[in-house]
Every structure is written in structure tokens, then in C-alpha cells.
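# Examination of the molecular architecture
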Amino acid sequence: QTHLERPGVAVNSPGIGNMDMMPDGSSAWSNLNGSAGGVKKIDPATGEILANYPFKGESYDSIISADGRYWAGGSPGGAEGNFAERLDIQTGEMLEVNSGASHSAPKRGGFDPFGNVWYGGNNGEIVELDAKARQLREYVPPIPNAPYTDFYDAMPDKNGEVWAGAMHGRNFVRFDPRTERWIPYEMPEPFAHDRRTWIDSSTNPITVWFVDSSGGYLVRVQPLQ
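This section reports on the structure supplied with the text. Just so it is clear, the structure is predicted and the values come from calculations on it, not from any experiment.

Turning to its location among the elements, Asn 204 is positioned in the loop between strand E17 (194-200) and strand E18 (207-212). Its relative accessible area of 78% is what places Asn 204 among the exposed residues. Between the alpha carbons of Asn 204 and Leu 224 there is a distance of 9.0 Å; along the sequence they are 20 residues apart.

Written out as C-alpha cells, the structure is:
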């Protein structure tokens, strides 16, 4: 076990929040539930905070790109957030963007092959942090509210398509940003309730896995093309 430093956080307060590791395992990254503001680089052996990169607000997820170059986060819990962050770990530049008056509420997600970040939006949208344009974009899927469709996670695959399951709807969606084509997959249970998506890129076509948190099912989505 490793004890993690949490400056400014009371003992027995809620957990450390979301965390991700460098691909080589050399460091862990987390905002430690808002401890001292910003994302922390953490020594996985000792729990020591090696560096802190501040930003406004509080991040929900902690995402490291496959090449270890970038970290990203979304908005905190709830449906009212409108901002997301991306850190260039090599230069220390923190990019902070928002969707203005629109509550995009980006939560969990991942990097696509082009360095952009995709999130599930708590208000029923898929949200993109376009790194080159330095802005957030929102995409609304063509699925019904049943009674209210919201997303918690969105995960890009190796081809740049984005996959996400509705938490309070029965659809799992596939989105191609290049053509803006949506393909909804209707799950057999009342809710998809996807809180984290894992994509197996070793298969052709790719295979998508998630845990249905309502029914306790491990679900595989295997597209035919």
C-alpha cells in the first residue's frame, strides 16, 4: 500500500478521485479530488507529489495519452460544468477551454489518434476537446430520451470513431467525427449504463467492452464492419 499526499484535504474525506498511469508506469496522475488545485504527478512507489499543474475549477477524469505526451480532464460531477483541460506534459502548457453558456458537462473519456480528447457529456451529448482549434464541440446523438439520456464516458478507437453507452437509456452509440455519422446499438436491457468503455484494437473490426452497472453484466459490442 502507498499513502498519497493530499494537501489541504481533511482526513477521511472522499477518495482520491480518478487516476491514470504513464504508459511506462513511471508516474501516476490525478487531481486527488481537488487537493491544492490542479493535476498532480505522483510517485507510484512513495505517493509523493512530484509536480502540480494548476488549472481553474476541478477535473473529473484523469486521462493520459497513449504516447505519454498529454494529460486531460473534464468537468466535476454534476450536469452544470462547461469546461475541460489538456496539459502538454513536455512543455507544461495547460489548455483550458469551455463551451460558454452551454452546460456540456464533459466527464470521462479518452484521446483519439489525432491528439483530441473525447468525453461523455452528462446532458446527453458527446463532447470533443479540439486541441488544434482550442475549443469544445458538442455532438447530439439521434437517440430518444428514455426518459433522460446522459453519458458518463466516451472512448475513441484506433480509427478515430467514438463509442459511448447511455447511462439512463438503452442505446450504445458509435460516432464517426469525419462524416458525423451515428450508429446506435440497442442493448437488450433497459439501460446500457456504461461508466467506462474498453476497446480491444487487436481484433478486426475492433471490439468494444463495457460493464452494465445497472444489471451487473459484462457486455461485448462486436461491430460487423
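Still to come is the rest of the account.
This part is about the sheet that holds strand E7 (residues 83-88). Across the sheet, four strands lie side by side as E5-E6-E7-E8; this open sheet has antiparallel pairing. At either margin of the open sheet sits one strand with a lone partner, and together these are strand E5 (63-64) and strand E8 (94-98). When strand E6 (residues 70-73) meets E7, the two strands line up antiparallel, connected through four bridges. Its bridge partner being in E7, Tyr 70 is matched across the sheet by Asp 88.

As a volume, the largest pocket reaches approximately 540 Å³. A class-by-class count of the residues in the lining of the largest pocket yields 14 nonpolar, six polar and seven charged.

Once that is clear, we can look at the sheet that holds strand E13 (residues 155-156). Pairing is antiparallel in the open sheet, where four strands are placed in the order E13-E14-E15-E16. Looking at which strands have only one partner, the edges of the open sheet turn out to be E13 and strand E16 (181-186). Bridge count between E13 and strand E14 (residues 162-165): two bridges; the pairing is antiparallel. Its bridge partner being in E14, Met 155 is matched across the sheet by Trp 163.

Pro 205 follows Asn 204 through a cis peptide bond whose omega is 0°. Among the secondary structure elements, Pro 205 is positioned in the loop between E17 and E18. Phi is positive for Arg 134, which is not a glycine, with a value near 60°. Secondary-structure assignment places Arg 134 in the loop between strand E11 (126-130) and strand E12 (135-139). When its relative accessible area of 46% is taken as the criterion, Arg 134 is described as partly exposed. Positioned with a positive phi, His 193 is a non-glycine residue whose angle comes to about 45°. Counting through the fold element by element, His 193 comes out in the loop between E16 and E17.

Rules used throughout
- Residues numbered from 1 in each chain as written.
- Predicted model: local features only at pLDDT ≥ 70, side-chain atom pairs only at ≥ 80, totals over all residues.
- Heavy atoms only, no water.
- Helix = DSSP H or I, 4+ residues; strand = E, 2+ residues; numbered from the N terminus.
- Buried < 20%, exposed > 50% of the residue type's maximum accessible area, 1.4 Å probe, protein only.
- Pairing = 2+ DSSP bridges.
- 1 Å grid on protein atoms, 1.4 Å probe; cavity = no way out; pocket = protein on both sides within 12 Å on 5 of 7 lines; lining within 4 Å.
- Points joined across faces, edges and corners; volume = space filled by probe spheres on them.
- Nonpolar A, V, L, I, M, F, W, Y, C, P; charged D, E, K, R; others polar.

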